[in-house]
Every structure is written in structure tokens, then in C-alpha cells.
Number of protein chains: 2
Amino acid sequence: MSLTPPQGFLFAAAAAGIKPSGKPDLALALVPGGAAAAAMFTRNQIVAAPIILGREHLRRSAGRVHALIVNAGNANCATGKQGLQAAKRVCSELAFGVKLKPEHVFPSSTGIIGVPFPAEKITNALPGLLASADSSAGSLEAFANAILTTDTHAKTSCQSITRAGRSAGLVGVAKGAGMIHPNMATMLVYLFTDLAASPRDLKPTLKRAVDDSFHNISIDGDTSTNDTVLLLASGKSGLEMKSVRAEFQAALSKVCRSLAAQIVADGEGVKHVVRLRIEQSRSSEDARRIARAIANSSLVKTSWAGADPNWGRVLAAIGYSGVAVHPERINIYLGDQQVCRNGTACKFDAGQAHHYMSEPAYEIRIALGAGSHTLEFLSCDLTEEYVHINAEYST
Amino acid sequence: MSLTPPQGFLFAAAAAGIKPSGKPDLALALVPGGAAAAAMFTRNQIVAAPIILGREHLRRSAGRVHALIVNAGNANCATGKQGLQAAKRVCSELAFGVKLKPEHVFPSSTGIIGVPFPAEKITNALPGLLASADSSAGSLEAFANAILTTDTHAKTSCQSITRAGRSAGLVGVAKGAGMIHPNMATMLVYLFTDLAASPRDLKPTLKRAVDDSFHNISIDGDTSTNDTVLLLASGKSGLEMKSVRAEFQAALSKVCRSLAAQIVADGEGVKHVVRLRIEQSRSSEDARRIARAIANSSLVKTSWAGADPNWGRVLAAIGYSGVAVHPERINIYLGDQQVCRNGTACKFDAGQAHHYMSEPAYEIRIALGAGSHTLEFLSCDLTEEYVHINAEYST
């Protein structure tokens, strides 16, 4: 599927000089007719200025967004009142340029924490950015590239929904999270559709898609101060949400799951993507807590780096997850091979298991014997390269 | 202070052939007159056979222990009914040898998970072990060495309490935890004293000492299936607990804190021990949760490995700790230098900070501006060496 921008959106990107590398670091999405918006933000209590401002703008505009401005290279976090003023200035200048109110501009930032925000570099770049915005696939790709920090490639995914001869598009664009030069580790996700929907309709749909995708991944367990997922619906396809609700939910979840998988696979130093399939759980929440305990265990993650079928570490992590379990009912499988039966060691071919875990992506299946819920959770290994990169970030 | 065994205890160690290296792996402590006992165990729901049996024996004996048998090299965990039978057999044979009931024997194991427990190797070694037990400092040192797995050296600490011409001794012996060839990462701590006390008296004293020490350390955040802290009081000094309660509490806490610090410093691949001093917290529990979030963050720990004054990662970890904080009141200090003021970046000498963080041990001080509680918590860095060692453990 080609990366065709949905109708009603214009994109542009530029190098504003925020990244020391001189690479593109400023991205703009314009919605001339305006879009209905829904957003989800980091749960971290320490939040960056654009998160504070983005929340406020959505409230004041009652969920209408006409412009999205994203910079990479500076998170505008722990920058105090000056940081908030700087973010406001960027929004005001952009709003002035497109003859709108500031609350119709949605800001995002990603990059280093605690460095004064270079608002002027951004405002200087705005006229050129506005002049170059168009609806081409190339501009959308430039947008997807400009929001990256240490990701090795752009992350996009698209779907379309057709009903009675009418077709709506959905494109998702993301940058990686929770690893990788980690002060630049914010997860930013933008979802553009030309479906017609109200902000109230979009909210639960987005929440469900995020629960199905970004909430089921973990790279190193850290939560960014800037994480943002934004869904914009321009309505230009003429197709109404209410006539394709289930199809749109499915398409949105699919796009989010694809972006989530791309984010994990591009984690810093990642050599193995591991899908944890938690079965027979009492609830999805229990399954997620268990998956998180496993996915955040340094002991488990380093054993994955060595393709070591050390299931005892997985069992121990289940035991301290905080979820009440019946150890004697737990079964663990590496692909087709069972390695733990009823909480106890069972014979298995360690060579075959090592071979299986040497693949770039594989599955560990855990049956809890506690209920009927299943959850798939994506994680990755913790490698020497991860430590090397993250030990040498800011100095 | 020399490592003089308290009165009433005999020690012995042997190489039973459990460790492939052939090093000593079996340790015995005998209390011919019996000891009052109190114990604390891992909170992991997946527990090894000796934990199940140890709890049961303490219950049946009403807190009386006459013999402690510890093996290294096999955790007897995830070994099912056979594992429990094997542990029972070791206790029964030892009880028979010293003409006691099995419930007067306290078992401990540390080592790999999920490998059948070699009870016969242990029972074969028991006669020799019993014959060689004595009250010499050399035997106590041999005990301290035989319980080690991948620790690089034995960990001991001692204190004495004197009152009205009478003197009681206290010796603590430990092996490392939560790192280091992690299936062998169990923390085992044995505290021997010749004070006279009842099991009921010992329990709260032990709990408080553990809260002050082992609960305030973290190496990689993983919790073992075998963690055990056991306090034995022979009463042979003639000094009564009730006459020196406060002094004994202080001595016990001091010994536990010393052992805890030794455990962190000997963590696998550890290059820096970091003392987190959390000040102005609403409660000790809040302070501990915040310290744990920081100490378990891969991003923070890798920055410590690089001596990188990346305080933004610390601030972000505080933000997702689950404790309600006022970001605008948070101050962070690296030694004498303030690096974050009121939640916002402040100017500091990065070179000096890097130099400070290059020391093998240093302090990060965090003032929350939320209350009056202070907590000191010991943690360490996450190095490439840790990953290297743990990626290559069982295969």
C-alpha cells in the first residue's frame, strides 16, 4: 500500500537547526478545513511544556485542530516557565501565519530534557515550512522523517475503509520510544484520516486502539515525559464514522499495532523482538502486569540477548509481578517446545531452544491456568550495545 | 573487629560436589543447645522447596532451630514434589545424625533453578561435616565462603553489646543477590547471636533491621525465589534481650546495613555504587517507591555506568514512580552541586559532575518538597559487563 495522504491534509518538513546534525527536525501538518481531534498523553507526572499546552489547546478548541507542529532535538521539558512561553510563542506565530487562533495549533516536541527551548529557530523556519506544505506522498514522508531522533528509519502504516463506493484513508506516522538515546526516547504517534467524525466519537476509538497496541509494548520500561498519540479526522472523504464504526476501529487498531511493532524492532541495540503470549489469565490487566514484569526484567532481557532458554528467570518474574498466580499450573513454551510444565522443569532440547531464540523475532507462550484471557505483548532483549549507547549519551 | 563466633554455635563447610567447580558448596551451623529463631523470606510467589520447608519447620518447632544446612549450586526451585522430598530427606538425615526432630533443622539452597536437587551428594557429605564442626573463627569463615555462588568474596559483619560486665556477640554472614549469574542470585543472610531472646522478641527486631537495610537496596530489581534472612539467638552469653533491646536493635540494623552495602558493591559488573538520598518525602514508603523507580530504570543505570550527569532521566523516573509529586518543588543534587532546581534545569559544571560520578561510590540527593521523611537507598550502575555475563549464563 502506498503512503497516500488522506484528503484535507498538507505536510511539510524542514531543517531548523535544532538537531546538531543539521538533519530535518521540524514537521508541519496543516488541515485547512480543520480536523476533529482526540489525543492521549504520557502518564508520567513530569510532563513537557508541549503536553501542558496541547491539552489546554484541545480543551479550548473543543477538540478542533488546524495545524500540528512537531520538533525533534529538544523535548522542551524541565524548562520551566520559559519553556512554556517558548511553546506558546511557536503556536502563536504559526496561528498568525495561517490566520487561526493559537488553540487550533497542536504542538509536540521530542529530544533532550532540560535544555532551553530554541523557539526562534522554529519561528524562523515557519514561513518556509508553510510555503512548502502540500498533499504529496513525498511531503508526508518528509514529515515522518523529520520527527525522528535516533530511530534508524521512519515508521508509517496505512489502511483504507470502503463503504458504498466511498473510501476513507488512514495513515499513521510514529517515532520510537523508551530506549535509544533515551532523553530522545519519546513516543510520538500521529494518525491522519479523512473520515468524518466528532471528537467525542474519536476518543473511545483511539483509547481502544492504544490499549490494543502501544500499551502492549515495552522496550526498557521507562516512560517518557513527552509521549503523545494524536488522531485527526478531516472528514474530507465524506464517509461517516457512524456507518463504518467497526471497520474503522479495526483499521485504527491495525495501524497502531503495526507502528508499535516497528517501534520495538527499532529499539536501540535490539537484536531480538520477543512476543509474549500470555494465555489463560484471569483478566487482560493481570496478563499485562505479568507481561510487563517479564519484559522489564533485566535478567530475562539479558538472557534473550544471549538466546539463552533460561525459563527460570521468566518464572521468577511471573512470581513477583504482583498478580496472584498458581505456580503449579504454569506452563511455558518456547515456540513448539514446552520448557516448564506445571511450574516445574521438564526435559527439552536446549540446542533447539537456543536455535529458536537466535531468530530476530520469536514467541514465548505462557499459560497461567487461571482464566480465559489472552494477551500478546511485544518486548525485546537488553544488549551490550544498548548499555554502550545509553552510557554515553549526554556527556 | 575479628570474626569471633558467638557462644553456642559450631560451624563447618565441605565440598559436596554440587558446584561443577568443585569448590566448597555445603555449609553447616549447629546450635547444640538450640536457638530461638526468626526468619524472613522472599515475597516472590514462586518459592523454592527449602523456603516451603523452612517455614513449616519454624512453625512446627515454635521457632527453635538446632541446625542450619545451606547448599550452593542448586536452588531446589521449580523442582516439583521431588524437590520437596529431596529437601525433606536432607533435613531428616541431618536430624537423625544429631538426634533431633527434622523440624529443628532449617534448610537453605541457592543456585540454578529447575535442575533436580542432588540430595545424595549432600547426605553423603553430612557425616564429615558433623565431625568437623567447631567454634573456631576459621570454621565460621569456611561457612561464609561455602554459601557463595558468583560473589567475588565472603560478606561478614559483626557487633557486640556489653551491659553490666556481660557481653553478647552478633555475627552476620551473607551472600549476594539479584544480579550476578542471576539464577544463583539469591540473597541469603544468617545472623548469629548469643543474646538470650524469645522467637517472639526476635521477630519485630529482625523485621525492623531488614526494613532499614535489605529493603533499601536494589541491583537489578529482580526478586529471587529463595531469598532468606534468618536470625538465631543461642542465649549462651547470659545477656537478656529485654535489658539491651535498643542496643541490640541498633547493632542488628548496623550489621544488616553493612551486609547490604557489601552485597550491592559486589553486584555483577558493578562499577559504581550509588546512594540515593530521598529527602522531604511524605512517607518512608513514598521515598522507597521513588528510590526503587530510579534504581530500577535501565536508562538511569546506564547513565551511571557512563558517569553521565543525565538528571533528566532521574526526574522522569520520579514522575512515573506512582508517587504523587510536585514537579515544581523537586531539587536534585550530585554531591555538592545542584543540577535541577524546582523541577527545572539549572546551570552546573558538567565536567565536575562527571568527575564526581566517576568515583566508585557517590551520592545523589533528591529533595521532594513534600514532607519530612528521609530515606537512604543503595543501588548501582548497569554495565556492559552485566549484560555480557547474564547473556551467557546457562548455555
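About the cut-offs
- Residues numbered from 1 in each chain as written.
- Chains lettered and ligands numbered in written order.
- Predicted model: local features only at pLDDT ≥ 70, side-chain atom pairs only at ≥ 80, totals over all residues.
- Heavy atoms only, no water.
- Axes fitted to C-alpha atoms, helices over the stretch in contact; angles between N-to-C directions.
- Helix = DSSP H or I, 4+ residues; strand = E, 2+ residues; numbered from the N terminus.
- Parallel < 35°, antiparallel > 145°, perpendicular 65-115°, else oblique.
- Left-handed = near helix turned anticlockwise from the far one by under 90°.
- Contact = heavy atoms within 4.5 Å.
- Buried area = accessible area lost by both parts, 1.4 Å probe.
- Salt bridge = Lys/Arg side-chain N within 4 Å of Asp/Glu carboxyl O.
- Polar contact = N/O pair within 3.5 Å; in protein donor to acceptor, adjacent residues only side chain to side chain.
- Least-squares fit on C-alpha atoms with pLDDT ≥ 70 in both.
- Pairing = 2+ DSSP bridges.
- Domains from an automatic or database assignment.
- Nonpolar A, V, L, I, M, F, W, Y, C, P; charged D, E, K, R; others polar.
- Buried < 20%, exposed > 50% of the residue type's maximum accessible area, 1.4 Å probe, protein only.
- Phe/Tyr/Trp six-rings, centres within 6.5 Å; stacked < 30°, edge-to-face > 60°.
- Lys NZ or Arg CZ within 6 Å of the ring centre and 35° of its normal.

## Notes on the packing of helix H2 (residues 80-97) of chain B against helix H3 (residues 119-132) of chain B
Between two packed helices, both the angle of their axes relative to each other and the distance between the axes serve to describe the pair.
Residue and element names in this part refer to chain B.
So, step 1. At their nearest, the axes of H2 and H3 sit 10 Å apart, and the two run at 20° to each other. On the basis of the axis angle, H2 is roughly parallel to H3. The interaxial crossing formed by H2 with H3 has right-handed handedness. Contacts between H2 and H3 involve Ala86, Arg89, Val90, Glu93, Leu94 and Gly97 from the former and Ala119, Glu120, Ile122, Thr123, Leu126 and Leu130 from the latter.

## Overview of the interface of chain B and chain A
So, step 1. With 51 residues of chain B in contact, the opposing surface of chain A contributes 52 residues.
So, step 2. Summing the contributions of chain B and of chain A, the shared interface buries around 4,200 Å²; its carbon and sulfur component is 58%.
So, step 3. Summed over the three residues of chain B that lose the most area to chain A, namely B:Gln45, B:Ile46 and B:Leu299, the buried surface amounts to 15% of that side.
So, step 4. For the interface between chain B and chain A, the tally reads zero salt bridges.
So, step 5. Counting every contact that joins chain B to chain A gives twelve residue pairs in polar contact (both at pLDDT 80 or more).
So, step 6. Where the side of chain B that touches chain A is concerned, the elements lending two or more residues are helix H8 (298-305), helix H9 (311-319), strand S12 (344-345) and helix H11 (384-391) of chain B.

## Regarding the side chain of A:Glu363
So, step 1. Of note, A:Glu363 is situated in strand S13 (residues 361-367).
So, step 2. Polar contacts involving the side chain of A:Glu363 include one to the side chain of A:Arg275, which spans 2.9 Å.

## With respect to the relation of the copies chain B and chain A
So, step 1. Rotating chain B by 180° about the axis while translating it 0.0 Å along that axis superimposes it on chain A, leaving an RMSD of 0.0 Å. Such a turn and shift between the copies fits a two-fold axis. Within chain B, the C-alpha atom positioned nearest to the axis of rotation is that of B:Glu384, 2.4 Å from it.
So, step 2. Both copies present the same face, since 100% of the interface residues in chain B are matched by interface residues at the equivalent positions in chain A.

## Topic: the sheet that holds strand S9 (residues 273-281) of chain A
Residue and element names in this part refer to chain A.
So, step 1. Overall, mixed pairing links the six strands, which are arranged S12-S11-S10-S13-S9-S14 in an open sheet. What marks the edges here is a single partner per strand, and that holds for strand S12 (344-345) and strand S14 (373-380).
So, step 2. The pairing of S9 with S13 spans seven bridges and is classified as parallel. When the sheet's bridge partners are listed, Arg275 is paired in S13 with Glu363.

## Section: the domain arrangement of chain A
All names here are of chain A.
So, step 1. You can read the domains of chain A as domain 1 (10-265) and domain 2 (273-391).
So, step 2. Centre-to-centre, using C-alpha coordinates, domain 1 lies 33 Å away from domain 2.
So, step 3. Counting from both sides, the interface comprises 15 residues of domain 1 and, opposite them, 15 residues of domain 2.
So, step 4. Carbon and sulfur atoms make up 52% of the surface buried where domain 1 meets domain 2, a total of about 1,200 Å² over both sides.
So, step 5. Among the residues of domain 1 in contact with domain 2, Asn216, Ser218 and Val264 are the three that bury the most area, contributing 41% of the side total.

## Details of the packing of helix H11 (residues 384-391) of chain A against H8(B)
So, step 1. Interhelical geometry of H11(A) versus H8(B) gives an angle of 70° and a closest axis separation of 7 Å. Put simply, H11(A) runs roughly perpendicular to H8(B). Seen from above, H11(A) lies across H8(B) with right-handed handedness. Contacts between H11(A) and H8(B) involve A:Tyr386, A:Val387, A:Asn390 and A:Ala391 from the former and B:Ser298, B:Leu299, B:Thr302, B:Ser303 and B:Ala305 from the latter.
So, step 2. For the contact of H11(A) with H8(B), the per-class residue count stands at five nonpolar, four polar and no charged.

## Observations regarding the pairing of strand S11 (residues 337-341) of chain A
Residue and element names in this part refer to chain A.
So, step 1. Extensive coverage of S11 is indicated by the burial of four of its five residues.
So, step 2. Where strand S10 (residues 331-334) lies against S11, three bridges are found, and the strand directions are antiparallel. Paired with Ile332 across the bridge in S11 is Cys340.
So, step 3. Hairpin connection, S10 to S11: the antiparallel pair is bridged by two residues, and Gly335 has positive phi, about 60°.
So, step 4. As judged from the two bridges shared by S11 and S12, these two strands associate in the antiparallel manner. Residue pairing across strands places Arg341 opposite Thr344, the latter belonging to S12.

## Side note on the packing of aromatic side chains
Residue and element names in this part refer to chain B.
So, step 1. Tallying each qualifying case throughout the model produces 16 aromatic pairs over all chains.
So, step 2. Relative to Tyr190, the ring of Phe143 lies with its centre 5.9 Å away and its plane at 80°, an arrangement referred to as edge-to-face. One end of the pair, Phe143, is in helix H4 (residues 137-146); the other, Tyr190, is in strand S7 (residues 188-193), and 47 residues separate them in sequence.
So, step 3. The buried category is assigned to Phe143, whose relative accessible area is 0%.
So, step 4. Overall, the relative accessible area of 1% leaves Tyr190 in the buried class.
So, step 5. Its guanidinium or amino end placed over the ring of Tyr333, Arg365 lies 4.0 Å from that ring's centre, counting from NZ or CZ.

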